[in-house]
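The lines below spell out each chain.
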Amino acid sequence: MVVTMPDRPSRAPKGASSSNVEEARLRQQAIGVKLRQMFDQVVSEPVPDEFLDILRRHDKKASDGQD
Amino acid sequence: MGLLERLAPHLPYMRRYARALTGDQAAGDAYVRAALEALAAGEASLPPHLTPRVALYQVFQMIWGGTGARLEPPADVADGDDPSHRLMRIAPRSRQAFLLTALEGFNPAEAGHILGATPLEVEALISEAQAEIDAELATQVLIIEDEPVIAADIEALVRELGHTVVDVAATRREAVDAVAHATPGLVLADIQLADGSSGIDAVKNILGRYDVPVIFITAFPERLLTGERPEPTFLITKPFQPETVKAAIGQALFFHPAKVKAAAA
């Protein structure tokens, strides 16, 4: 996909809104950092076995099917 | 390479996202499980042009977007002022764009693959999320600052975020009086005030009565670091970048309980 970037002058009206998005992103990252701390425990706890079993069963079936 | 090997490293983060998105670990896990089962049954597949992590989130999105996004919000979402409740009050699609980028660290193109949206649409969703967050957090702000020019700068910035400035106090006395008239939801405080009084003392006085987030904006950060630092507080050093102050305000408010408690009452 080719994305054409308009020249600076023609971007002028959009300038404000794209800097708004930039600012929004910055402010959301400040919240994101704290959310990551909040959910730290979810990431560090072991993944439920049943999730891994679903994938394991699939992989086993796939490799059995190849034999 | 099998599904287990490709996806297992990403499952802790997938569960985090599901939890943040649905507001509940059990509900989130149910969608993760459904996504994995769809993959295992061949009802969904990992698009080869995407990284395994992006592809996994995309399959999850298909499952959740088809059912979960339509089912909410649960009854208890309307009130409740912890961060999870705040998240749930953001509309589903902008919440996803927000969480995928700010929590999960995807770039707009990746978030677009996951959401089935162009990067421009993702940016629009991020802006919508910000408008919703701003509306959610809008509150009354007390500014404690003795320099009129700086006070005016801070005031403008605070208004830009959609907050109301209840007062600008130049001394400890004025700050304490201001709080007696209107309880702020946020205090922005300088440390060295006009009459030689201390913003730290003013804040300690206020925090003795109300549970309110405080952001110190000061040219003398060491006074906060050496002295007894009142909690909960943030610290920004002058001269400040407006974006830094805005980011700190959002962070302070998002994670602070909204209800103003009158401890002495």
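Residues numbered from 1 in each chain as written. Chains lettered and ligands numbered in written order. Predicted model: local features only at pLDDT ≥ 70, side-chain atom pairs only at ≥ 80, totals over all residues. Heavy atoms only, no water.

Re unusual backbone geometry
With an omega of -5 degrees, the peptide bond between K238(B) and P239(B) qualifies as cis. Within the fold, P239(B) resides in the loop between β5 (233-237) and α14 (242-254). (Helix = DSSP H or I, 4+ residues; strand = E, 2+ residues; numbered from the N terminus.)

Structural notes on the nonpolar core
Considering soluble globular proteins, one finds that nonpolar side chains tend to be buried as a cluster. Counting 74 residues, the largest nonpolar core has L35(A), F60(B), F98(B) and I249(B) as its most contacted members. Taken together, domain 1 (3-134) and domain 2 (140-264) of chain B each give at least three residues to this core, which thus spans both. Every residue in contact with L35(A), bar those within four places of it in the chain, is listed here: L87(B), F98(B), L99(B), L103(B), F254(B) and F255(B). (Core = buried A, V, L, I, M, F, W, Y, C linked by side-chain atoms within 4.5 Å. Buried < 20%, exposed > 50% of the residue type's maximum accessible area, 1.4 Å probe, protein only. Domains from an automatic or database assignment. Contact = heavy atoms within 4.5 Å.)

Comments concerning the packing of aromatic side chains
Enumeration over the complete set of coordinates arrives at four aromatic pairs over all chains. With a centroid separation of 4.8 Å and 75 degrees between ring planes, the pair formed by Y57(B) and F106(B) is classed as edge-to-face. With Y57(B) in helix α4 (residues 52-66) and F106(B) in the loop between α7 (92-103) and α8 (108-115), this residue pair connects regions lying 49 residues apart in the sequence. We note that Y57(B), like F106(B), is buried. Each residue in the set Y17(B), Y57(B), F60(B) and F106(B) is aromatic and connected to the rest through ring pairs, giving one cluster. Over the aromatic face of F255(B) sits the side chain of K34(A), whose NZ or CZ is 5.4 Å from the ring centroid. (Phe/Tyr/Trp six-rings, centres within 6.5 Å; stacked < 30°, edge-to-face > 60°. Lys NZ or Arg CZ within 6 Å of the ring centre and 35° of its normal.)

A short note on the sheet that holds strand β2 (residues 164-169) of chain B
Residues and elements named next belong to chain B. Taking strand neighbours across the sheet as the criterion, the five strands line up as β2-β1-β3-β4-β5 in an open arrangement whose pairing is parallel. In this open sheet, the two strands that pair with only one neighbour each are β2 and β5. With strand direction ignored, the average angle separating the axes of adjacent strands in the sheet is 20 degrees. Relative to strand β4 (residues 214-218), strand β3 (residues 186-189) runs parallel, the two being bridged by three bridges. Its bridge partner lying in β4, L188 is registered against I215. In this fold helix α12 (residues 199-207) packs onto β1 (140-144), β3 and β4, with an angle of close to 175 degrees to the strand it touches most, β4. (Pairing = 2+ DSSP bridges. Axes fitted to C-alpha atoms, helices over the stretch in contact; angles between N-to-C directions.)

A short note on the pattern of salt bridges
Taken as a whole and judged by the stated rule, the model has 20 salt bridges over all chains. The residue R33(B) makes a salt bridge to E50(A) at a minimum N-O spacing of 2.9 Å. One end of the pair, R33(B), is in helix α3 (residues 25-40); the other, E50(A), is in helix α3 (residues 49-66), on a second chain. R33(B) gets classed as partly exposed once you look at its relative accessible area, which sits at 26%. The network of salt bridges with common partners includes E23(A), R27(A), D134(B), E160(B) and K246(B). (Salt bridge = Lys/Arg side-chain N within 4 Å of Asp/Glu carboxyl O.)

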